Amino acid sequence: MKTFLHVGCGYENKSDCLGFNNDNWKEIRFDIDKNVNPDIVGTLTDMKLVETGSVDAVYSSHNIEHIFPHEVPIALREFYRVLKEDGIAVITCPDLQSAGEALAQDKLFETLYEGHDGPVTAFDVLFGHRETTADGNVFMIHKGGFTYSTLDRAFKKAGFQARYGGRRTLACDLFLVAFKQKKPNEEIIKIGLQFLPEEFH
């Protein structure tokens, strides 16, 4: 059984993680908030409690936008560090390009899609979901963001040798599967598709 580090797990568990929700993977829950009962408490930029080269994958959904842009390289170096030599990182985050397109049409507060916590607007994509932050959850404020090309470049700069993914425009999300080692393109696609929504198949 392989292990994946579920970074910023919140109240989600393995069953919520596409591609990891099967018997091939063991989940290690990692979060800044001890109230969600993680296995390890830490932050994106300080993962020192996770041993170097100890996990087969890192999975992080909608977390990287909650740190400042200058902290992103630190976080990605931590992802790279904790992965085994053949490890992968699976990342999802909001798509600023989709939000920008809505903003350009003066649709800042119009619903882009229905999320788990209700309607999501371009404002929510840019700054954080208003209802969640209004409840006092400051961890959910957005401090940065990405288009697909800038997310891909950030992982390349961090040392990941291959990347695969794209934009899911219906939900204004970005998906990236980053590989620590170089692989043939066919293998990259075959592995990557396991962790991407049906829209990419």
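Residues numbered from 1 in each chain as written. Predicted model: local features only at pLDDT ≥ 70, side-chain atom pairs only at ≥ 80, totals over all residues. Heavy atoms only, no water.

A. Local environment of the pattern of salt bridges. As enumerated under the stated definition, the model contains nine salt bridges in all. With its nearest N and O atoms 2.9 Å apart, the salt bridge here joins aspartate 46 to lysine 48. By relative accessible area, aspartate 46 is classed as partly exposed at 33%. The partner of aspartate 95 in a salt bridge is arginine 167, and the shortest N-O contact between them spans 2.7 Å. Remark: arginine 167 occurs in strand β8 (residues 162–168) and aspartate 95 occurs in the loop between β5 (83–94) and α2 (96–104); sequence separation between them is 72 residues. Taking relative accessible area as the criterion, aspartate 95 reaches 0% and is therefore assigned buried. A relative accessible area of 25% means that arginine 167 is categorised as partly exposed. One network of salt bridges, with partners in common, ties together Asp86, Lys183 and Glu187. (Salt bridge = Lys/Arg side-chain N within 4 Å of Asp/Glu carboxyl O. Buried < 20%, exposed > 50% of the residue type's maximum accessible area, 1.4 Å probe, protein only. Helix = DSSP H or I, 4+ residues; strand = E, 2+ residues; numbered from the N terminus.)

B. Quick peek at the sheet that holds strand β9 (residues 173–179). Taken together, seven strands build an open sheet; the order of strands is β3-β2-β1-β4-β5-β9-β8 and the sheet is mixed. The sheet is open, and its two borders are formed by β3 (40–41) and β8, each paired with just one other strand. When strand β1 (residues 2–7) meets strand β4 (residues 55–61), the two strands line up parallel, connected through four bridges. Within β4, the position partnered with valine 7 by the bridge is serine 60. Of the strands in this sheet, β5, β8 and β9 touch helix α5 (residues 148–157), which is tilted by about 20° from β9. (Pairing = 2+ DSSP bridges. Contact = heavy atoms within 4.5 Å. Axes fitted to C-alpha atoms, helices over the stretch in contact; angles between N-to-C directions.)

C. A look at the side chain of histidine 6. Within the secondary structure layout, histidine 6 lies in strand β1. Accessibility expressed as a relative area gives 1% for histidine 6, which makes it buried. A polar contact of 2.7 Å, which involves the side chain of histidine 6, links it to the side chain of glutamate 27. Non-local contacts of histidine 6, meaning those with residues more than four positions away in its chain, are made with Glu12, Asn13, Cys17, Glu27, Ile28, Arg29, Phe30 and Tyr59. (Polar contact = N/O pair within 3.5 Å; in protein donor to acceptor, adjacent residues only side chain to side chain.)

D. Spotlight on α2. The complete set of buried residues in α2 reads Ser98, Ala99 and Ala102. Take α2 and look down its axis: the buried residues cluster within an arc of 100°, on one side only. Buried residues in α2 make contact with β6 (111–115), α3 (122–127) and β8. Its side-chain oxygen at 3.1 Å from the backbone nitrogen of glutamine 97, aspartate 95 defines the N-terminal cap of α2. (Arc of directions from axis to C-beta.)

E. Representation of the nonpolar core in the model. Leu5, Val7, Met47, Val58, Phe79, Phe155 and Phe160 are the most contacted members of the largest nonpolar core, which totals 29 residues. At the level of secondary structure, the elements contributing two or more residues to this core comprise β1, β4, α1 (72–82), β5, α5 and β9. The biggest single contributor to this core is α1, with five residues. Those residues in contact with leucine 5, other than ones at most four positions away along the chain, are Ile28, Phe30, Met47, Val50, Val55, Ala57, Val58, Tyr59 and Val82. (Core = buried A, V, L, I, M, F, W, Y, C linked by side-chain atoms within 4.5 Å.)

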